[in-house]
Amino acid sequence: MSPLLRAQGLAKAYGDSAVFRAVDLTLERGELVALLGESGTGKSTLLNCLAGLDEPDAGTIDIDGQCLAELDEAGRAELRRAKLGFVFQAFHVLPHLSVAQNVALPLLLLHRPDPARVQAMLDAVGLGSLGARLPRQLSGGQLQRVAIARALVHQPALILADEPTGNLDARHAREVMDLLLAQVRAEGAACLLVTHSEQAAARADRALRLDEQGIRPWA
Ligand SMILES: Nc1ncnc2c1ncn2[C@@H]1O[C@H](COP(=O)(O)OP(=O)(O)OP(=O)(O)O)[C@@H](O)[C@H]1O
């Protein structure tokens, strides 16, 4: 079976300034890989490229055997909807929808409404009683957990998470790592986790470092 994600020779620059180059990365099914690196080395940019939300200047990306560059925008959107769970650094929750409606969105887009699954995800992130609230009535850490519940609700094959424990206290950070690992182990998903937390990285199957030379094992 092909790896869930294979990226080869990725490079990205903004104008004259290179963000990263020579990035080779493979994620197998059932593994959680941490990606560390100093601020500004391009971790978020790399996640956006892997999700087909940004285009690398060079290199190829295959997700579940499908080459992203061979898809048009609609095809990439469909692949994202079906296979990808993305936890954005800035949450990207929709302000006019309730917490439960935000979490339900990926299932609605797949025409698979499942209120019981939505409630189970809210319970799993400790927001079981807050489904009717609007996002502006939540704290930053609670919003982060909404974003995680939404990213996992449709059991995606590939999870790309940008500092998902960044706003959380130690207990909630541990619970989010438990959830990500459960999804990876139980569903054979693959997860790339951008983090500055060495505790989170220590729970990953592998940890990688991104710098101007490319990507290599951490430590
Ligand atoms: N749209 C853009 N135009 C120009 N430069 C950009 C743009 N987006 C990001 N950059 C630059 O690219 C570099 C990489 O940014 P990115 O957000 O990917 O870093 P990061 O490793 O995720 O950082 P952090 O750990 O602080 O979140 C930074 O120097 C940033 O200023």
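Residues numbered from 1 in each chain as written. Predicted model: local features only at pLDDT ≥ 70, side-chain atom pairs only at ≥ 80, totals over all residues.

(A) How the structure looks around the overall build of the protein chain. Regarding its fold elements, the protein chain presents seven helices and 10 strands. Computed over the C-alpha atoms, the radius of gyration of the protein chain is 17 Å, within 12% of the 17 Å expected from 2.2 N^0.38 for a compact globule of 219 residues. Projecting the C-alpha coordinates of the protein chain onto the three principal axes gives extents of approximately 45 × 35 × 35 Å. Within the protein chain, the fraction of its 219 residues that count as buried is 39%. (Helix = DSSP H or I, 4+ residues; strand = E, 2+ residues; numbered from the N terminus. Rg over C-alpha atoms; globule rule 2.2 N^0.38 Å. Buried ≥ 20, exposed ≤ 12 C-beta atoms within 10 Å, placed from the backbone.)

(B) Spatial organisation of the site of the ligand. The full set of residues close to the ligand is Tyr14, Val19, Gly37, Ser39, Gly40, Thr41, Gly42, Lys43, Ser44 and Thr45. When residues in the shell around the ligand are grouped by element, the largest group, three residues, is from helix H1 (residues 43-50). Split by residue class, the shell around the ligand holds two nonpolar, seven polar and one charged. (Near = placed C-beta within 6 Å. Nonpolar A, V, L, I, M, F, W, Y, C, P; charged D, E, K, R; others polar.)

(C) Representation of the nonpolar core in the model. With 65 residues, the main nonpolar core has Leu160, Leu180, Cys191 and Leu193 as its most contacted residues. Counting residues per element, this core draws most heavily on helix H5 (residues 140-152), which supplies seven residues. Apart from residues lying up to four places away in sequence, Leu180 is in contact with Leu32, Ile159, Ala161, Cys191 and Leu193. (Core = buried A, V, L, I, M, F, W, Y, C linked by C-beta atoms within 7 Å. Contact = placed C-beta atoms within 7 Å.)

(D) Broad picture of the UniProt feature "domain: ABC transporter" (unreviewed entry) in the protein chain. The feature "domain: ABC transporter" (unreviewed entry), as annotated in UniProt, sits at residues 5-219 in this numbering. With 35% helix and 27% strand, the stretch residues 5-219 has end C-alpha atoms that lie 23 Å from each other. (UniProt positions renumbered as here; feature names shortened; annotations may be inferred.)

(E) Up close: the sheet that holds strand S1 (residues 5-14). Spatial ordering of the open sheet is given by S2-S1-S4-S5, a layout of four strands whose pairing is antiparallel. Of all the strands in the sheet, the pair left with one neighbour each is strand S2 (17-27) and strand S5 (66-67). Relative to S5, strand S4 (residues 58-63) is paired through two bridges, and the arrangement is antiparallel. Looking at the pairing, Ile63 lines up with Gln66 of S5. Packing against the sheet, H1 makes contact with S1, S2 and S4, and its axis sits at approximately 125 degrees to S1. (Pairing = 2+ DSSP bridges. Axes fitted to C-alpha atoms, helices over the stretch in contact; angles between N-to-C directions.)

(F) Representation of unusual backbone geometry within the structure. Positive phi is not limited to glycine here, since His111 has a value of about 55 degrees. Residue placement: His111 occurs in the loop between helix H3 (99-109) and helix H4 (115-124). Residues other than glycine seldom take positive phi values, yet Gln155 does so here, at roughly 50 degrees. Turning to its location among the elements, Gln155 is positioned in the loop between H5 and strand S7 (158-162). By C-beta crowding, Gln155 is classed as partly exposed, having 14 other C-beta atoms within 10 Å.

(G) Up close: the sheet that holds strand S8 (residues 190-194). Sheet architecture is open: six strands sit in the order S6-S7-S8-S3-S9-S10, paired in mixed fashion. Because the sheet does not close on itself, it has two edges, and the strands there are strand S6 (84-87) and strand S10 (214-217). On average, each strand axis in the sheet is inclined to that of its neighbour by 20 degrees, with strand direction left out of account. Relative to S10, strand S9 (residues 206-211) is paired through four bridges, and the arrangement is antiparallel. When the bridges of S10 are listed, Asp211 appears paired with Gly214. On top of the sheet, helix H6 (residues 170-187) reaches strand S3 (32-36), S7 and S8; it is set at about 155 degrees to S8, its chief contact.

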